[in-house]
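# Structural overview for review
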Amino acid sequence: MNEKTVPVTYNSIFQLAFADKAIEKDFKTKQIPLITLLFRFALLISIALYSCFYFIVLPTQSVNYQSSFLAIYQVVTLYCVLLFSFSYSKNFQAHQQIYTILSAVIISVGVLLTAYNIPPLASLILQSTGLPITAFFILFGLSWVQAFTLAILYFAASLGVISLLNQAFIDFTFAIFNLFGFFIIASIAGFILEKQKRQTYLAEQHTDRLINDLEQSKIQLHELSIKDSLTELFNRRHFDDVGELKIKEAKRLKSTMHLLMIDIDYFKQYNDHYGHPAGDDVLVIVANTLLKTLRRSTDLVFRVGGEEFAAILLGDASENLKQISQSIHNAIDKLAIEHNKSTIEKHITVSIGLASMNTSTNETFGDLYNKADKALYLAKQSGRNKTSIF
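Bear in mind the structure is a predicted one, so any value in this text is a computation, not a measurement.

## A few points about the overall build of the protein
The number of helices and strands found in the protein is 13 helices and 7 strands. Taken against the 2.2 N^0.38 rule, which gives 21 Å for 390 residues, the C-alpha radius of gyration of the protein at 40 Å runs more than 25% over that of a compact globule. Taken along its principal axes, the extent of the C-alpha atoms in the protein is 120 × 45 × 30 Å. The burial tally for the protein puts 42% of its 390 residues in the buried class. Carbon and sulfur atoms make up 61% of the accessible area of the protein, which amounts to about 21,100 Å² in all. Counting 34 positive and 33 negative side-chain charges, the protein places the centres of these two groups 4 Å from one another.

So this is what it looks like as structure tokens:
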């Protein structure tokens with residue numbers, strides 16, 4: 001089994017990507033449903049956290065800061081609600097990457113504006129939002145590079161906000177280290193998570209290939225178990241299995257079934273004179289000729305012995321069967337395969353025994369086979385190269 005190994009490689013030292021661009025595209029496409037689900041979850045969490053800050057945290061303060069936060073709260077929550085609804089649109093998936101980055105930026109900017117508008121709580125806000133912000137970056141489905149880049153920008157913007165507040169920088173020392181630590185940890189975690197997702201994808205692809213190969217092998221083994229290796233016709237085993245099923249089907253449909261037993265005349269003499277390779281060629285040619293002659297979708301042709309073939313036909317009238325058997329004789333005669341050891345013709349011929357299912361009895365496939373075999377025997381006894389009907 002040939003497998004295509006697709007390693008996780010780096011397009012640069014900062015970016016994970018598969019070597020095969022088609023597989024990279026497939027990986028990203030298959031990530032969309034999960035990323036969309038996490039994206040919606042992150043939007044709901046954002047609304048919940050902003051609401052908790054507005055309705056629970058701010059009312060506990062001695063000063064009314066709700067009015068300072070109201071506009072930010074309304075813009076962010078409205079954006080989250082609208083985008084949550086829009087995420088169910090087909091157009092969302094086409095530009096999902098843009099919306100995820102935009103959402104991360106808007107929510108982060110909302111936090112920074114809140115810290116700027118409420119200076120007494122700025123240190124608390126910056127220090128308590130480090131973990132949620134980094135978590136949002138991951139939940140939004142950003143690659144670790146995108147998350148790391150936004151984290152650095154957020155960290156730099158936080159320093160800018162702190163410098164604009166005209167407060168002692170030492171008051172924000174813990175918040176700064178807290179933010180920096182979360183961003184470093186989150187970036188490493190994001191890298192590991194993204195790499196793990198890619199390895200999981202590769203493992204799933206490998207498993208899918210194995211399952212597909214096993215299914216194909218199963219089909220091939222089944223084909224081998226029911227096909228004759230030389231002529232590629234159905235074999236004797238399948239003949240016995242299908243025969244019982246077909247006769248039951250004919251009875252259920254109140255139809256009829258016919259069985260033709262076909263034998264190449266003086267085939268042993270042909271093998272002895274022309275050799276077994278030539279005999280094998282004749283078997284293949286006769287098999288293909290039978291398939292071309294009996295070409296309806298309901299016609300089944302089998303090789304049931306050395307030079308013996310069989311055909312199961314459904315629903316034909318007796319007169320039509322005679323025409324069919326004659327067409328087989330004509331097709332074989334037309335091949336004009338030389339057979340100087342035949343005592344009836346100077347070319348390959350066949351004898352045919354034909355039997356029909358008796359619809360008025362509980363006849364089994366074995367009974368029908370015995371009748372067709374007896375008919376074949378009669379055809380041989382009466383001179384060969386003819387059809388005998390039992």
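After that view, the rundown keeps rolling.
## Regarding the packing of aromatic side chains
Aromatic rings considered in pairs are described by the distance between their centres and by the relative angle of their planes. Inspection of every chain in the model, using the stated rule, returns 20 aromatic pairs. Linked through ring pairs, Tyr-50, Phe-53, Tyr-54, Phe-55, Phe-69 and Tyr-73 together constitute an aromatic cluster. For the cation-ring pair, Arg-40 lies above Tyr-88, with the distance from its terminal atom to the ring centre recorded as 3.7 Å. Sitting over the face of the ring of Tyr-266, Arg-384 holds its NZ or CZ atom 4.3 Å from the ring centroid.

## Focus: the sheet that holds strand E5 (residues 308-314)
Pairing is mixed across the open sheet formed by 5 strands, whose spatial order is E4-E5-E3-E6-E7. The open sheet has two free edges, formed respectively by strand E4 (300-303) and strand E7 (387-389), since each of these has just one partner strand. Each strand of the sheet is rotated relative to its neighbour by a mean of 20 degrees, with strand direction disregarded. As paired elements, strand E3 (residues 257-264) and strand E6 (residues 350-356) share 7 bridges and run antiparallel to each other.

## So, the pattern of salt bridges
Enumeration according to the criterion identifies 10 salt bridges in this entry. The salt bridge involving Asp-240 is made with Arg-236; its shortest N-O contact spans 3.3 Å. Of this pair, Asp-240 and Arg-236 both sit in helix H9 (residues 236-252), separated by 4 residues, roughly a single helical turn. Lys-380 serves as the salt-bridge partner of Asp-263, at 3.1 Å between the closest nitrogen and oxygen. With Asp-263 in strand E3 and Lys-380 in helix H13 (residues 365-381), this residue pair connects regions lying 117 residues apart in the sequence. Through salt bridges with shared partners, a single network forms among Glu-24, Lys-28 and Arg-198.

## Observations regarding the packing of helix H4 (residues 96-117) against helix H6 (residues 130-139)
One way to put it is that H4 packs onto H6 with a least axis distance of 10 Å and a crossing angle of 170 degrees. Regarding the angle of H4 to H6, the classification is roughly antiparallel. Where H4 approaches H6, its residues Ala-104, Ile-107, Ser-108 and Val-111 are matched on the opposing element by Ile-133, Phe-136 and Phe-137. Of the residues belonging to the contact of H4 with H6, the class tally is 6 nonpolar, 1 polar and no charged.

## A closer look at the side chain of His-258
With respect to the helices and strands, His-258 occurs in strand E3. Using a relative accessible area of 3% as the deciding quantity, one classes His-258 as buried. In terms of polar contacts, His-258 uses its side chain to reach the side chain of Ser-356, at 2.5 Å.

## Side note on the packing of H9 against H13
Interaxial distance between H9 and H13 falls to 9 Å at its minimum, and their mutual angle equals 115 degrees. Note on element contacts: H13 touches H9 through Phe-365, Gly-366, Leu-368 and Tyr-369, opposite Arg-236, Phe-239, Asp-240, Gly-243, Glu-244 and Ile-247. Split into classes, the residues belonging to the contact of H9 with H13 amount to 5 nonpolar, 2 polar and 3 charged.

## Description of the nonpolar core
If you look at the biggest cluster of nonpolar residues, it comprises 46 residues, and the most contacted ones within it are Phe-69, Leu-126 and Phe-140. Only helix H1 (21-57), helix H2 (66-86), H4, helix H5 (122-128), H6, helix H7 (144-164) and helix H8 (173-226) provide two or more residues apiece to this core. Not counting the four nearest positions on each side in its chain, Phe-140 is found in contact with Ile-35, Phe-39, Ala-42, Leu-43, Thr-100, Ser-103, Ala-104 and Ile-107. Residues Phe-267, Tyr-270, Val-301 and Ile-332 belong to the second largest nonpolar core, which totals 25 residues.

## A few points about the environment of Glu-244
When you line up the elements, Glu-244 lands in helix H9. The exposure class assigned to Glu-244 is partly exposed, which follows from its relative accessible area of 33%. As a C-alpha pair, Glu-244 and Arg-198 span 46 residues in sequence and 52 Å in three-dimensional space.

## Notes on H2
Working note: α-helix, 3.6 residues per turn, so residues spaced by three or four point in the same direction. Across its 21 residues, H2 extends 29 Å between first and last C-alpha, which sits within 8% of the 30 Å expected from 1.5 Å per residue. The principal kink in H2, of about 25 degrees, is found at Ile-72. Packing partners of the buried residues in H2 comprise H1 and H4.

## A word on the pairing of E6
Of all 7 residues that make up E6, 6 are buried, and the element is covered over most of its length. Pairing of E6 with E7 involves 3 bridges; the strand directions are parallel. If you follow Ile-352 over to E7, its bridge partner there is Thr-387.

## Some words on a nonpolar patch on the surface
On the surface, Phe-148, Ile-152, Phe-180, Ile-184, Ile-188 and Ile-192 cluster together to form a nonpolar patch covering roughly 520 Å² of accessible area. When residues of the nonpolar patch are traced back to their parent elements, those giving at least two are H7 and H8. Looking at the nonpolar patch element by element, the count peaks at 4 residues for H8. Of note, Ile-152 is situated in helix H7.

Procedures and definitions
- Residues numbered from 1 in each chain as written.
- Predicted model: local features only at pLDDT ≥ 70, side-chain atom pairs only at ≥ 80, totals over all residues.
- Heavy atoms only, no water.
- Helix = DSSP H or I, 4+ residues; strand = E, 2+ residues; numbered from the N terminus.
- Rg over C-alpha atoms; globule rule 2.2 N^0.38 Å.
- Buried < 20%, exposed > 50% of the residue type's maximum accessible area, 1.4 Å probe, protein only.
- Areas by Shrake-Rupley, 256 points an atom, 1.4 Å probe, with all protein chains shown as cover.
- Lys, Arg positive; Asp, Glu negative; His and termini not counted.
- Charge placed at Lys NZ, Arg CZ, Asp CG, Glu CD.
- Phe/Tyr/Trp six-rings, centres within 6.5 Å; stacked < 30°, edge-to-face > 60°.
- Lys NZ or Arg CZ within 6 Å of the ring centre and 35° of its normal.
- Pairing = 2+ DSSP bridges.
- Axes fitted to C-alpha atoms, helices over the stretch in contact; angles between N-to-C directions.
- Salt bridge = Lys/Arg side-chain N within 4 Å of Asp/Glu carboxyl O.
- Parallel < 35°, antiparallel > 145°, perpendicular 65-115°, else oblique.
- Contact = heavy atoms within 4.5 Å.
- Nonpolar A, V, L, I, M, F, W, Y, C, P; charged D, E, K, R; others polar.
- Polar contact = N/O pair within 3.5 Å; in protein donor to acceptor, adjacent residues only side chain to side chain.
- Core = buried A, V, L, I, M, F, W, Y, C linked by side-chain atoms within 4.5 Å.
- Expected span 1.5 Å × (residues − 1).
- Bend = angle between axes of the 7 residues up to and from the residue.
- Patch = residues over 30% accessible without salt bridge, like charges linked within 9 Å, V, L, I, M, F, W, Y side chains within 5 Å.

The values are spatial; any link to function lies outside them.
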